[in-house]
Amino acid sequence: MTNETLKNEGSGRPAGPFSFPPVAWAWLVLSALVVVLDWQTKELVSQQLQLYRPVEVFSWLNITLAHNYGAAFSFLADAGGWQRWFFITLASVISLVLLVWLVRLPRREWVTALGLALILGGAIGNVADRVRLGYVVDFIDVHFRGWHYPAFNVADSAITCGVILLLVDAIVLSRRREGGETRKSSWPTRVDSAPVST
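Fair warning: this is a prediction, and the values are worked out from it, not measured in the lab.

1. Some remarks on the overall build of the chain
If you tally the helices and strands in the chain, you get 5 helices and 4 strands. Traced from its N-terminal end to its C-terminal end, the chain shows the element sequence α-α-β-β-α-α-β-β-α. Relative to its 198 residues, the chain shows a buried fraction of 34%. In the chain, of all internal contacts separated by at least 6 residues, the share reaching a separation of at least 24 is 63%.

2. Brief notes about the environment of Leu30
Here Leu30 lies in helix H2 (residues 22-48). According to the relative accessible area criterion, Leu30 is partly exposed, its value standing at 23%. Sequence separation between Leu30 and Leu120 is 90 residues; the distance between their C-alpha atoms is 9.5 Å. Not counting residues up to four positions away in its chain, the partners in contact with Leu30 are Leu114, Ala117 and Leu118.

3. A closer look at the side chain of His143
Mapped onto the elements of the fold, His143 is located in strand E3 (residues 136-144). Judged by relative accessible area, His143 falls into the buried class, the value being 15%. Within polar-contact distance, the side chain of His143 engages the side chain of Asn62 at 3.5 Å. Among residues more than four places away in sequence, those in contact with His143 are Phe58, Ser59, Trp60, Leu61, Asn62 and His148.

4. Some points on the pairing of strand E1 (residues 55-58)
Of the strand pairs in this sheet, E1 and strand E2 (residues 61-68) are connected by 3 bridges, and their pairing is antiparallel. Across the sheet, the residue bridging to Phe58 is Leu61, located in E2. Where E1 folds back on E2, the antiparallel hairpin that results is connected by 2 residues.

The rules behind these values
- Numbering of residues begins from 1 in every chain and follows the order in which that chain's sequence is written.
- In keeping with the model being predicted, local features are shown solely for residues with a pLDDT of at least 70 and side-chain atom pairs are shown and tallied solely at 80 or more, while totals for entire chains, interfaces and linings include all residues.
- Remark: hydrogens and water are excluded; side-chain values derive from all non-hydrogen atoms of the structure.
- In DSSP terms, a helix is any run of H or I states spanning at least four residues, a strand is any run of E spanning at least two, and both are numbered starting from the N terminus.
- When a residue's accessible area, from a 1.4 Å probe over protein chains only, is under 20% of the maximum for its type it is buried; when over 50% it is exposed; and in between it is partly exposed.
- Throughout, a residue-residue contact means that at least one pair of heavy atoms, one from each residue, lies within 4.5 Å.
- Contacts described as polar in this section are N or O atom pairs within 3.5 Å, which, within protein, must combine one atom able to donate a hydrogen with one able to accept it, while residues neighboring in sequence count only if both atoms come from side chains.
- When DSSP finds at least two bridges between two strands, those strands are taken to pair.

So, to be careful, I would describe these as geometric facts and stop short of saying anything about function.
Written as structure tokens, this is what we have:
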């Protein structure tokens, strides 16, 4: 077994250019669960509710079926149709980048991996809507005293949670890892020497 193989096994990276480490498959399963949950909830809401007819759940939360032809906050929703393929291409490229990043990530950086898996699942869930329907199905309507946050879905929630985890890892946890490695490297190395006889 070569030193490179040992290094790859210890870090959780693939041994070859087209192989997936076992831990990566676990994160991909999480991404798949996000896609399935997102799809099932959208199907349920689309079958049970009428478009833009809110159903109150709590005083601050409605379930409102909405079709979003744009991006977040309905950005480019009225662009004329070309935005559909633009967002499909953009989301596909981002998903591929996230997949490569996830596969090559060291095993110890599990918070980053969790965040990437959530973002990947959310991105795939929304791009599937654009491919099948030409728009994204939203239905979670949070509001307060007449002000309504733009409607979102399970995929959007997964992406938001994933981004938060990436920020926490980049701002807090990465500094702790660097601090731990610095302390380890500063420890004196003990050298045992045999007594010298005279």
